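Working through the structure, step by step
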Amino acid sequence: MSTMTLFHAPLSPFVRKVMVVLHETGQLQRVQLHTVNISPVSGDAQLNQGNPIGKIPALRLDDGTVLHDSRVICEYLDQQHVGQPLLPREGSARWRRMTLASQADAIMDAAVSSRYESFLRPEDKRWGGWLEAQAEKIRRSLANLEQEHLAELASGFDLAAIGLACALGYLDLRQPEFGWRERQPGLAAWYAEVSLRPSMVATAPVA
Ligand SMILES: N[C@@H](CCC(=O)N[C@@H](CS)C(=O)NCC(=O)O)C(=O)O
């Protein structure tokens, strides 16, 4: 069996998504982790090889090919196992689920960019309006997921559901005061249930 290298950081929600997919599809043993400590202003030379944008996750295959970003890696891993696919392979359901998965990624993007704004950026350059706009994107997205897509999300722990679960886990880690559970009790109940899955428990971020 081939060994792949996953460029990894334990608190990244995008990395967690890949880790959950590895657990859910029984491919954990195929990957060795290479942990990096990066930010938008300090990279890692090895990570940048074949991945010039320098973000994590990146997956180096045993022939040296590097796959990025997390969506591509998750799709690749989903093509590599024999169980139930984590995205429909064709038809309108595929595009619907991919759009939901993309919405989950966008929540992560807004939350990660808020983290950089409030933690990494020098204090005198921080912009409250930026933070509020990111928070509003997240609130709007979560309200839409609860109102329009809850039943669909609850129908299977696929790439869209995995992405959303990792996004919510990251919000709890970085913005515990965000209060999404009060606004979205349906999502909160769904999340409480999926958080018990072994893949989620094994990958839970600890700050
Ligand atoms: N679209 C990318 C986003 C990945 C991302 O933003 N990763 C963050 C860590 S959570 C990162 O590498 N930040 C460093 C940087 O922006 O240079 C994906 O889905 O993999």
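Let us look at the structure shown here. (Residues numbered from 1 in each chain as written. Predicted model: local features only at pLDDT ≥ 70, side-chain atom pairs only at ≥ 80, totals over all residues. Heavy atoms only, no water.)

What follows deals with empty space enclosed by the protein. Under the defined criterion, the tally for this structure stands at one cavity of 30 Å³ or more. Roughly 40 Å³ of volume is contained in the largest cavity. Lining the largest cavity are Pro10, Leu11, Ser12, Pro13, Arg16, Cys166, Gly169, Tyr170, Thr203 and Pro205. Those elements that provide at least two residues to the lining of the largest cavity are helix H1 (13-24) and helix H6 (159-174). The dominant element in the lining of the largest cavity, judged by the number of residues it contributes, is H6, at three residues. Per-class residue counts for the lining of the largest cavity are six nonpolar, three polar and one charged. Here the lining of the largest cavity gathers at least three residues from each of two domains, domain 1 (4-78) and domain 2 (91-197). (1 Å grid on protein atoms, 1.4 Å probe; cavity = no way out; pocket = protein on both sides within 12 Å on 5 of 7 lines; lining within 4 Å. Points joined across faces, edges and corners; volume = space filled by probe spheres on them. Helix = DSSP H or I, 4+ residues; strand = E, 2+ residues; numbered from the N terminus. Nonpolar A, V, L, I, M, F, W, Y, C, P; charged D, E, K, R; others polar. Domains from an automatic or database assignment.)

Another point: the site of the ligand. Residues in close proximity to the ligand include Ser12, Pro13, Phe14, Ile38, Ser39, Pro40, Lys55, Ile56, Pro57, Asp69, Ser70 and Tyr116, which together make up its full environment. In this structure, a nitrogen atom belonging to the ligand sits 2.8 Å away from a main-chain N or O atom of Ile56. When the ligand is considered free in solution it has 510 Å² of accessible area, and contact with the protein chains removes 86% of it. Judged by the proximity of its atoms to the pocket grid, the ligand belongs to the largest pocket. Class assignment of the residues belonging to the shell around the ligand gives a composition of seven nonpolar, three polar and two charged. (Near = heavy atom within 4 Å. Polar contact = N/O pair within 3.5 Å; in protein donor to acceptor, adjacent residues only side chain to side chain. Areas by Shrake-Rupley, 256 points an atom, 1.4 Å probe, with all protein chains shown as cover. Sits in = over half its atoms within 2 Å of the grid points.)

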